[in-house]
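# Architecture at a glance
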Amino acid sequence: PIFLRLAAVTGARRGELCALQWQHVDFHRRSLHIAGQVAHTATGPVQRPTKTHAERRLTLDPVTLAELGELGASRGVDADRYIFSHDPDGTTPWRPDYATLAFARLAAQLGIPKIRLHDLRHFAATTMLLDGIDVRTAAGRLGHARASTTLDIYAHFTPPADERASITLAGSLDIRR
């Protein structure tokens, strides 16, 4: 469950989440350092830079931090160990395709059709934009080099946003009366 929560609250790519090690969690500063990604090759999982070759530090909410703390307490938090690993000692990261498959199985068990792990990234982006988070902040959390990428991919016309726009515009006219 913490993998899915992290996907939803950070908007991180699956390979970025698989690459997380305990050294990337700063409990005191309430932050997560996205430093790279795991890619699957013929020889196994390999660490690579992020898609945009830029690292980022994201603030985490108290519930997510608490869940990470509980996971760390149950497994141990050696700095160079992976947070998501099948190995008891955390020496090998999950493969990104494993995360996708596990999510698909969970969605099927819950009877949720037509949802992908990547849709949690879309959820994060769309939610930030709909809730008025500025596009540069949203782009930064998502790891986009340009805010225009965030807008091109994730900014959609939605009835709730249109309703807020209507109220905002009408309110600006009413102020002038």
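What you are looking at is a predicted structure, and each value in this text was computed from that prediction instead of being measured.

### Here we look at the packing of helix H5 (residues 119-130) against helix H6 (residues 135-142)
In the contact formed by H5 and H6, the axes pass within 9 Å of each other and the chain directions differ by 160°. In this view, H5 runs roughly antiparallel relative to H6, as classed from their interaxial angle. The handedness of the crossing between H5 and H6 is right-handed. Every residue of H6 that contacts H5 at Arg 121, Ala 125, Met 128 and Leu 129 is listed here: Val 135, Ala 138, Arg 141 and Leu 142. Residues belonging to the contact of H5 with H6 are distributed by class as follows: six nonpolar, no polar and two charged.

### A look at the pairing of strand E4 (residues 44-48)
Looking at chain direction, strand E3 (residues 37-41) and E4 are connected through five bridges and run antiparallel. Within the sheet, the bridge partner assigned to Ala 39 lies in E4 and is Val 46. The antiparallel hairpin formed by E3 and E4 contains two residues in its connecting segment.

### Describing the nonpolar core
A general tendency of soluble globular proteins is for nonpolar side chains to be buried together. In this structure, Phe 3, Leu 6, Leu 20, Leu 68, Ile 83 and Phe 84 are the most contacted members of the largest nonpolar core, which totals 27 residues. Counting residues per element, the ones that place at least two in this core are helix H1 (2-10), helix H2 (14-18), strand E2 (31-34), helix H3 (62-75) and helix H4 (96-109). Ranked by residue count, the leading element in this core is H1, at five residues. Filtering out sequence-adjacent residues up to four positions away, Phe 84 remains in contact with Ile 2, Phe 3, Leu 6, Leu 17, Cys 18, Leu 20, Arg 75, Thr 92, Pro 93 and Trp 94. Within the second largest apolar cluster, five residues are counted, among which are Ala 125, Ala 138, Leu 142 and Tyr 154.

### As for unusual backbone geometry
Of note, His 53 is a non-glycine position whose phi angle comes to about 60°, a positive value. Positionally, His 53 belongs in the loop between E4 and strand E5 (56-59). Phi is positive for Lys 114, which is not a glycine, with a value near 55°. One can find Lys 114 in the loop between H4 and H5. On the accessibility criterion, Lys 114 (86% relative accessible area) is exposed.

Reading the values: the criteria
Residues numbered from 1 in each chain as written. Predicted model: local features only at pLDDT ≥ 70, side-chain atom pairs only at ≥ 80, totals over all residues. Heavy atoms only, no water. Axes fitted to C-alpha atoms, helices over the stretch in contact; angles between N-to-C directions. Helix = DSSP H or I, 4+ residues; strand = E, 2+ residues; numbered from the N terminus. Parallel < 35°, antiparallel > 145°, perpendicular 65-115°, else oblique. Left-handed = near helix turned anticlockwise from the far one by under 90°. Contact = heavy atoms within 4.5 Å. Nonpolar A, V, L, I, M, F, W, Y, C, P; charged D, E, K, R; others polar. Pairing = 2+ DSSP bridges. Core = buried A, V, L, I, M, F, W, Y, C linked by side-chain atoms within 4.5 Å. Buried < 20%, exposed > 50% of the residue type's maximum accessible area, 1.4 Å probe, protein only.

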